[in-house]
Amino acid sequence: MTSQNKTVRLAKMGMLVAISVVLVSIVRFPIFPAVAFLEYDPADIPIIIGTFAFGPIAGLMIVIITSILQGVTVSAASGLYGIIMHILATGAFVLVAGLLYKGNKSKREAVIALVAGVAAMTIVMVIANMIVTPLFTGWPLSAVMEVMPFIVAFNLLKAGVNSIITFFLYKRISPFLHR
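Residues numbered from 1 in each chain as written. Predicted model: local features only at pLDDT ≥ 70, side-chain atom pairs only at ≥ 80, totals over all residues. Heavy atoms only, no water.

Caption draft 1: Just a nonpolar patch on the surface, in detail. Taken together, the side chains of Leu80, Ile123, Ile127, Met130, Ile131, Leu135, Phe136, Leu141 and Met145 define a hydrophobic patch exposed on the protein surface, amounting to about 870 Å² of accessible area. Listing elements by their share of the nonpolar patch, those giving two or more residues are helix 5 (107–137) and helix 6 (141–178). Counting residues per element, the nonpolar patch draws most heavily on helix 5, which supplies six residues. Checked against the element boundaries, Leu141 lands in helix 6. According to the relative accessible area criterion, Leu141 is partly exposed, its value standing at 41%. (Patch = residues over 30% accessible without salt bridge, like charges linked within 9 Å, V, L, I, M, F, W, Y side chains within 5 Å. Areas by Shrake-Rupley, 256 points an atom, 1.4 Å probe, with all protein chains shown as cover. Salt bridge = Lys/Arg side-chain N within 4 Å of Asp/Glu carboxyl O. Helix = DSSP H or I, 4+ residues; strand = E, 2+ residues; numbered from the N terminus. Buried < 20%, exposed > 50% of the residue type's maximum accessible area, 1.4 Å probe, protein only.)

Set out below in structure tokens:
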């Protein structure tokens, strides 16, 4: 890959980070009123698209940069806790989905990769909420376990919706990303 190609690829990845930050700043709402802090946002869509276009390592880099930017701007209220949780959640998603999709870029493989990414994100967030949430929020583990059904449902819904949207957008956007 030439220096110019690397620069263009980096610029496209930066554009996906910017789109992600804009999306989380304009579209964010709670899914379950009982746990209003669990907010849906479409910010993972450009991250997943970037992962499918550039691979799982590039996707993870997009996740980390996006998480930090969101964590110091539009989601500053959640601070370091939000940054860590976003990196864990979306990082798990993009690593699993990206590795699966990288081998065979077909619609069937995209569906398998997205479903596996949803599962990975959900499992990682169950574990992360049991470990990280008590450390940052002071909640006892028993309180985290009381809201765990909401956490599981939230992650399945958020990742599922974002996966469906990604599935329908990716093939339309990929020609631009691969030029």
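Caption draft 2: Inspection of the packing of aromatic side chains at higher detail. Inspection of every chain in the model, using the stated rule, returns eight aromatic pairs. Measuring from ring centre to ring centre gives 5.7 Å for Phe37 and Trp139, while their planes differ by 85 degrees; the resulting arrangement is edge-to-face. Note that Phe37 is positioned in the loop between strand 1 (29–30) and strand 2 (39–40) and Trp139 in the loop between helix 5 and helix 6, a separation of 102 residues in sequence. Using a relative accessible area of 29% as the deciding quantity, one classes Trp139 as partly exposed. An aromatic cluster of at least three residues, connected via ring pairs, comprises Phe52, Tyr101 and Tyr170. (Phe/Tyr/Trp six-rings, centres within 6.5 Å; stacked < 30°, edge-to-face > 60°.)

Caption draft 3: Representation of the environment of Ile48. Structurally, Ile48 can be placed in helix 2 (residues 44–54). By relative accessible area, which is 2% here, Ile48 ends up buried. Taking C-alpha positions, Ile48 is 6.9 Å from Gly59, a pair spaced 11 residues apart along the chain. Setting aside anything within four residues of it in sequence, one finds Ile48 in contact with Phe93, Leu114 and Thr166. (Contact = heavy atoms within 4.5 Å.)

Caption draft 4: Highlighting the side chain of Ser67. As for its position among the elements, Ser67 is in helix 3 (residues 56–72). Judged by its relative accessible area of 2%, Ser67 is buried. Within polar-contact distance, the side chain of Ser67 engages the backbone oxygen of Val63 at 2.7 Å. At 2.5 Å, the side chain of Ser67 and the side chain of His86 are in polar contact. Setting aside its immediate chain neighbours within four residues, Ser67 contacts Ile83, His86 and Ile87. (Polar contact = N/O pair within 3.5 Å; in protein donor to acceptor, adjacent residues only side chain to side chain.)

Caption draft 5: Fine view of the layout of surface pockets. Empty space within the largest pocket amounts to approximately 770 Å³. Forming the boundary of the largest pocket are 33 residues, of which Phe37, Glu39, Ser78, Gly82 and Met85 lie nearest the centre. The set of elements that each furnish at least two residues to the lining of the largest pocket consists of helix 3, helix 4 (79–103), helix 5 and helix 6. Considering every element that reaches the lining of the largest pocket, the biggest residue donor is helix 4, with seven residues. Classifying every residue of the lining of the largest pocket by side-chain character gives 16 nonpolar, 12 polar and five charged. (1 Å grid on protein atoms, 1.4 Å probe; cavity = no way out; pocket = protein on both sides within 12 Å on 5 of 7 lines; lining within 4 Å. Points joined across faces, edges and corners; volume = space filled by probe spheres on them. Nonpolar A, V, L, I, M, F, W, Y, C, P; charged D, E, K, R; others polar.)

Caption draft 6: Region of interest: helix 6. Between the first and last C-alpha of helix 6 there are merely 46 Å, a value that for 38 residues lags more than 12% behind the 56 Å anticipated at 1.5 Å per step. At Val147, helix 6 shows its maximal kink, close to 50 degrees; a proline, Pro149, follows between one and four residues later. (Expected span 1.5 Å × (residues − 1). Bend = angle between axes of the 7 residues up to and from the residue.)

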